[in-house]
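# Tertiary structure, described
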Amino acid sequence: MMVAMNEERSIEEGLLKLKNQNDDSSCRITACVILSTFVAVCGSFSFGVSVGYTSGAEVGMIKDMGLSIAEFSAFGSFSTLGATFGALLSGKMAIMLGRKGTMWVSDILCITGWLCIAFAKDVLWLNIGRFSSGIGLGLISYVVPVYIAEITPKHVRGTFTFSNQLLQNCGLATVYFCGNFINWRMLALLGALPCFIQGIGLFFVPESPRWLAKAGTDKELENSLLRLRGRDADISLEASEIQAMTKMLESDSKSSFSDLFQKKYRQTLVVGIGLMLIQQFSGSTAVLFYANTIFRKAGFSVAIGSTLLGIFVVPKAMIGLILVDKWGRRPLLLTSAFGMSLFCMLIGLAFTFQKMQMLSELTPVFTFICVTLYIASYAIGVGGLPWVIMSEVFPMNIKVTAGSIVTLASWSSSSIVTYAFNFLFEWSTQGTFYIFGAVGGAALVFIWWLVPETKGLSLEEIQTSLIREPNEINHI
């Protein structure tokens, strides 16, 4: 027992020494890193199309297929229901098939789903297609940020991982914009296109070196790092750091579910699940899925509203992409949560005035501005950073189980919000947004007290610090 403890301590000390050594080659941004990230985030584009699809397809689909509000709400929630199922499989699949293999499976499921929707003859095929693509989205939401975090240099890891959110917003913007002039069947084919691109691109990018350290050989690990850092790069220090961390965790590689609740992992699990619940119950899914419904209720032109959102949503996401490795994770999350809470309260106030028949001429424009600013606040922080942090804080020995639980928490709560929103909106338009605003206020307290800062640290440095100093997580 003492020998094992001494060996683990010596490995930890070695990792902390490596932390203080400068390795310029590990900081390179090569063409391979850029290509690998682009291929990975093609799946994120399809994710964004799926999120915005119900908003762009609502009127045409209800008319063509004769759907009721309940049937259309069910169709919307089948995506998140499928993603919940995909989340249960995501961690195990990522460790068994690798990051690339999991992305291939997600591509097959998404393409199948989108084609079922595009050529559906009745509501059954719509729901089958939505559920199939949802499973693929559940896999994408876990494996894409993990893959990007594991291949990128630490000084730009946040920026590259946040590109996942940027491409989601690109997909969302495309649906908002194109939904005004192409029908819902063509929109479904548009959602399948990036999955075809990703499926082909995966043949030309390397597997994650962190996964290869656990499942592959030393030679495969070195080849992957050489492709990512450049053939003339000295990858010895980075390879040693990855191998040392993998060796330190090897004894726990078959960890059970109960191991997640050990003191050293408890707070990271709370942070991961808490951020996902905040992301969903603060209303983001409802606003993104049903933006057109909100505009219609407020009396604002749906065509103008969705077009303007399509124009503004990508530049707003780029703010977070630029700032994530400059400001850090915590400041962006706090700013984002504050903005979401504030603008939800203001939307609720606008609908209150509308119900009281006060300032009725201002309500449509004011609601549109607040919805736009709400989505902007979401895009710079709460939209993408929970996935960034999830990909960083869990060590390899619990990443499969913890990552699956966190992803499951995200999609199951998203499914609840997606299905319930239309009914809540009918019950009380203003009350719905007051509830979302209150959740955003609670999020500020949660982020301030519990969420760690991980800017500028390698994955091994983050995880070593969390394991060694579980009570000092806020001082990382």
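Refer to the structure presented above.
Let me sum up the structure you'll find in this document. None of these values were measured; they are calculated from a predicted model.

## Details of the overall build of the protein chain
Helix and strand counts for the protein chain come out as 20 helices and zero strands. A total of 476 residues make up the protein chain; the buried ones form 61% of that total. Across the protein chain, the fraction of contacts at a sequence separation of at least 24, relative to all contacts at a separation of at least 6, is 85%. With an accessible surface of roughly 18,300 Å², the protein chain has 68% of that area assigned to carbon and sulfur atoms.

## Observations concerning the side chain of serine 377
Following the sequence through the fold, serine 377 ends up in helix α16 (residues 363-380). Among the residues examined, serine 377 registers a relative accessible area of 9% and is labelled buried. Residues within four places of serine 377 in sequence aside, it is in contact with Ser336, Gly339, Met340 and Phe343.

## Notes on the environment of alanine 438
Position of alanine 438 among the secondary structure elements: in helix α19 (residues 429-450). Its relative accessible area of 47% is what places alanine 438 among the partly exposed residues.

## Let's talk about the nonpolar core
Within the largest apolar cluster, 117 residues are counted, with the highest numbers of intra-cluster contacts made by Tyr53, Met61, Leu126 and Phe433. The residues contacting tyrosine 53, other than those within four sequence positions of it, are Met61, Phe75, Trp114, Ile117, Arg130, Val175, Trp184, Arg185, Leu187 and Ala188. Membership of the second largest hydrophobic core comes to seven residues, among which are Leu221, Leu226, Ile235 and Ile242.

## Remarks on the packing of aromatic side chains
Tallied over the full model, the rule gives 18 aromatic pairs. Ring geometry for phenylalanine 177 versus phenylalanine 181: centroids 5.7 Å apart, planes at 85 degrees, classification edge-to-face. These aromatic residues form a ring-pair network of at least three members: Phe289, Tyr290, Phe351, Phe421, Phe425, Phe433 and Phe436. Over the ring of phenylalanine 75 we find arginine 130; its NZ or CZ atom is 5.1 Å from the centre of that ring. Here the guanidinium or amino end of arginine 330 rests over the ring plane of tryptophan 448, the centre of that ring lying 5.7 Å away.

## Comments concerning helix α13 (residues 291-298)
When you tally the buried positions in α13, you get six out of eight residues, the bulk of the element. Within the span of α13, buried status applies to Ala291, Asn292, Thr293, Ile294, Phe295 and Ala298. Of the residues trailing α13, glycine 299 is marked for its positive phi of about 85 degrees.

## Here's the deal with the packing of helix α15 (residues 329-355) against α19
Relative orientation of the contacting elements α15 and α19 amounts to 160 degrees, with a least axis distance of 8 Å. Accordingly, the angle class assigned to the pair α15 and α19 is roughly antiparallel. The hand of the α15/α19 crossing is left-handed. Classifying every residue of the contact of α15 with α19 by side-chain character gives 17 nonpolar, eight polar and two charged.

## With respect to helix α9 (residues 218-229)
Across its 12 residues, α9 extends 16 Å between first and last C-alpha, which sits within 8% of the 16 Å expected from 1.5 Å per residue. What α9 keeps buried is the set Leu221, Ser224, Leu225, Leu226, Leu228 and Arg229. Note on α9: the residue one or two positions beyond its end, glycine 230, has a positive phi of about 110 degrees.

## Considerations on the pattern of salt bridges
Per the stated rule, a full pass over the model turns up four salt bridges. The salt bridge partner of glutamate 238 is arginine 229, with a shortest N-O separation of 2.9 Å. Residue arginine 229 is classed as buried on the basis of its relative accessible area, which comes to 0%. Bridged by salt links that share partners, the residues Arg157, Arg329 and Glu392 form one connected network.

What counts and what doesn't
- Residues numbered from 1 in each chain as written.
- Predicted model: local features only at pLDDT ≥ 70, side-chain atom pairs only at ≥ 80, totals over all residues.
- Heavy atoms only, no water.
- Helix = DSSP H or I, 4+ residues; strand = E, 2+ residues; numbered from the N terminus.
- Buried < 20%, exposed > 50% of the residue type's maximum accessible area, 1.4 Å probe, protein only.
- Contact = heavy atoms within 4.5 Å.
- Areas by Shrake-Rupley, 256 points an atom, 1.4 Å probe, with all protein chains shown as cover.
- Core = buried A, V, L, I, M, F, W, Y, C linked by side-chain atoms within 4.5 Å.
- Phe/Tyr/Trp six-rings, centres within 6.5 Å; stacked < 30°, edge-to-face > 60°.
- Lys NZ or Arg CZ within 6 Å of the ring centre and 35° of its normal.
- Axes fitted to C-alpha atoms, helices over the stretch in contact; angles between N-to-C directions.
- Parallel < 35°, antiparallel > 145°, perpendicular 65-115°, else oblique.
- Left-handed = near helix turned anticlockwise from the far one by under 90°.
- Nonpolar A, V, L, I, M, F, W, Y, C, P; charged D, E, K, R; others polar.
- Expected span 1.5 Å × (residues − 1).
- Salt bridge = Lys/Arg side-chain N within 4 Å of Asp/Glu carboxyl O.

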